[in-house]
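# Structural overview
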Amino acid sequence: MPAWLRDAIFYEIYPQSFYDTNGDGIGDIEGIIRKLDYVRDLGCNALWINPCFDSPFKDAGYDVRDYEKVAPRYGTNDDLYRLFDEAHKKNIHVLLDLVPGHTSEEHQWFRESKKAEKNEYSDRYVWTNCWIQGIAGHPYIGGEADRDGCYMLNFFKCQPALNYGFLNRTQDWQLSPDDPACIATREAMKDVMRFWLDHGCDGFRVDMADSLVKDDDENKSATGAIWKNIREMLDNDYPEAAIISEWSNPSQALKSGFHADFYLDHHGNGYNTLLRDYETAGGDHSFLKKDGKGDIMRFLNDYLPKYDDTKDDGYISFITCNHDTPRPRRTLDMDELKLAIAMFLTLPGVPFIYYGDEIGMRYLDIPTKEGGYTRTGTRTPMQWDNGANKGFSTAPAGKLYLPTDPSDDAPTVADQVKDPSSLLSTVKALTHLRKSYDDLKADSPFAVVYAEEKEYPFVYRRGTLYIAINPSDQKASVSLSKKHEKIFEIGTATINEASLMMEPQSFVILK
Ligand code: NOJ
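Residues numbered from 1 in each chain as written. Predicted model: local features only at pLDDT ≥ 70, side-chain atom pairs only at ≥ 80, totals over all residues. Heavy atoms only, no water.

## A closer look at the pattern of salt bridges
Within this structure, the stated rule accounts for 42 salt bridges. One salt bridge connects K89 with E86, and the closest N-O pair in it is separated by 3.0 Å. Taken together, the residues span about one helical turn, with K89 and E86 both in helix α3 (residues 77-89) at a distance of three residues. For K89, a relative accessible area of 63% translates into the label exposed. The exposure class assigned to E86 is partly exposed, which follows from its relative accessible area of 23%. Taken together, the shared-partner salt bridges connect E30, R34, D79 and R82 into one network. (Salt bridge = Lys/Arg side-chain N within 4 Å of Asp/Glu carboxyl O. Helix = DSSP H or I, 4+ residues; strand = E, 2+ residues; numbered from the N terminus. Buried < 20%, exposed > 50% of the residue type's maximum accessible area, 1.4 Å probe, protein only.)

So, in structure tokens, the structure goes:
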């Protein structure tokens, strides 16, 4: 386990929309370099950058055409190497986004794989052996290649599935995960990882990490075996490199070698019940909504077994949001957001802040771009100040990658940095606390102190610290076993002897 993860607070950057330094309307690597001080001052010490590789951008870069080349619209490989260097000087680690399950249909491997003549890449992707034979239970394309066969998709039509084999084989064209061609796919992906690690990157967020071996068993053990093999390579050759999975099944992911796994917004799971409970009958019952009539037990019943099962293996990552999910501001107001981020930054594991959530950027209702669909509204330019294009770019507004928030009260860094009660200032105070107290580190012990169905507050312990949150619009109180001292608060909480009285929408850390 790389030691730095224990202290890590990640900042996710969607490079298209972070900061444009050459006035072409789209963010670039140089823009990230120039904003490293901002990231550091926010209290984040690690970055996850969404794919910044050469791509036709039919899925915003998750359709990689060349794994080892920075997309010209973001700059050059040298710019990215410089970003690693400059970030390291400020003690910031940098994760790239590894997309191991598929490439773009324009990747050279796929161009070769499509050819009628057998070649080194014929089995790099999943193909049937007859133009008229499809793939039951999986999306596939026929009629597009000279080759006599149909190929499998991993996501969109532009993303053919790389071949890591099938565990349960029913067709003669399905290869075993041990087949040399499938091993070659895995080794090629290791080469990609080595390429970036050798140039100074600190690891990878791994896209659709559970998708490698097809028709795997319910524990995904064949896919897990690939990740164990990759982890072995990292432990031997790059022991400080981290891999964080988009899997959202920590028991599977962390036991397969990932250092951390995202807790994603899957319908009805514990994470969603905290702030993304859009679809419960009768309205949004998210715990963090003041009028939500939330129930902390819906979260704990899902989270606690996962935490207990994996706390010795790695970390669960809470996210404010990511480039695939509606921004939390879509349903939470600024005060609710403060409490949400306070909770995520004080729970165990490695937290992630999505760019712009620290100022409460809105989810915009805008048309799709680069395969974003409903995700596009979460990917708009970072709002730095109140100047043209919110300080994101000097391009004419019509040339921006995506529009900025048109509202008069669009939140900006410039406004919030001066205001000690702003969301940004609150986030900074919290990241600072997380750094100052060992008890708030990723692996410090976590225990529930008070949690009752449909009751407030929720009280938990991290090491010797007690943390209480009352997101509701009603007062709440709880008795404590001893008199504590407050070290941080949002809203107002008062300690009377051994009881804690919490005003509506308050959060407190006690020692
Ligand atoms: C998950 C990524 O987060 C998403 O943005 C992408 O579209 C799919 N994987 C396909 O790579």
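## Digging into the site of the ligand
Neighbouring the ligand are the residues D59, Y62, H102, F155, R205, D207, M208, E246, H323, D324, R375 and R379. Between the ligand and D324, the relevant distance is 2.5 Å, taken from an oxygen atom to a side-chain nitrogen or oxygen of the residue. Protein chains shield 98% of the accessible area of the ligand, which is 290 Å² for the free molecule. Among the residues making up the shell around the ligand, the classes are represented as three nonpolar, two polar and seven charged. (Near = heavy atom within 4 Å. Polar contact = N/O pair within 3.5 Å; in protein donor to acceptor, adjacent residues only side chain to side chain. Areas by Shrake-Rupley, 256 points an atom, 1.4 Å probe, with all protein chains shown as cover. Nonpolar A, V, L, I, M, F, W, Y, C, P; charged D, E, K, R; others polar.)

## Quick look at the sheet that holds strand β15 (residues 465-470)
The antiparallel open sheet is built from five strands, whose spatial order is β13-β14-β15-β20-β17. At either margin of the open sheet sits one strand with a lone partner, and together these are β13 (446-450) and β17 (486-490). On average, adjacent strands in this sheet sit at an angle of 20° to one another, irrespective of strand direction. Bridge count for β13 against strand β14 (residues 458-462) is four bridges, and the pairing is antiparallel. The residue bridging A447 from the neighbouring strand is R461, located in β14. Where helix α9 (residues 296-310) meets the sheet, it contacts β13 and β14, and its direction lies at approximately 155° from that of β13. Against the sheet, helix α10 (residues 334-344) engages β14, β15, β17 and β20 (506-510), with an angle of about 30° to β20. (Pairing = 2+ DSSP bridges. Axes fitted to C-alpha atoms, helices over the stretch in contact; angles between N-to-C directions. Contact = heavy atoms within 4.5 Å.)

## Details of helix α12 (residues 423-436)
Between the first and last C-alpha of α12 there are 20 Å, a value that for 14 residues agrees with the 20 Å anticipated at 1.5 Å per step. For α12, the set of buried residues is L423, L424, S425, T426, V427, L430, T431, L433 and R434. Of the surrounding elements, those touching the buried residues of α12 are α2 (36-42), α10, β12 (352-354), α11 (413-417), β17 and β20. (Expected span 1.5 Å × (residues − 1).)

## Things to note about the packing of aromatic side chains
In the structure shown here, the tally under the stated rule is 43 aromatic pairs. An angle of 40° between the planes, with centres 6.0 Å apart, marks the rings of Y263 and Y271 as tilted. Like Y263, the residue Y271 is buried in the burial classification. A connected cluster of aromatic rings, assembled from ring pairs, spans Y263, Y271, F287, F299, Y303, Y307, F318, F344, F446, Y456, F458 and Y460. Positioned over the ring face of W109 is R124, at 4.7 Å from the centre of the ring. (Phe/Tyr/Trp six-rings, centres within 6.5 Å; stacked < 30°, edge-to-face > 60°. Lys NZ or Arg CZ within 6 Å of the ring centre and 35° of its normal.)

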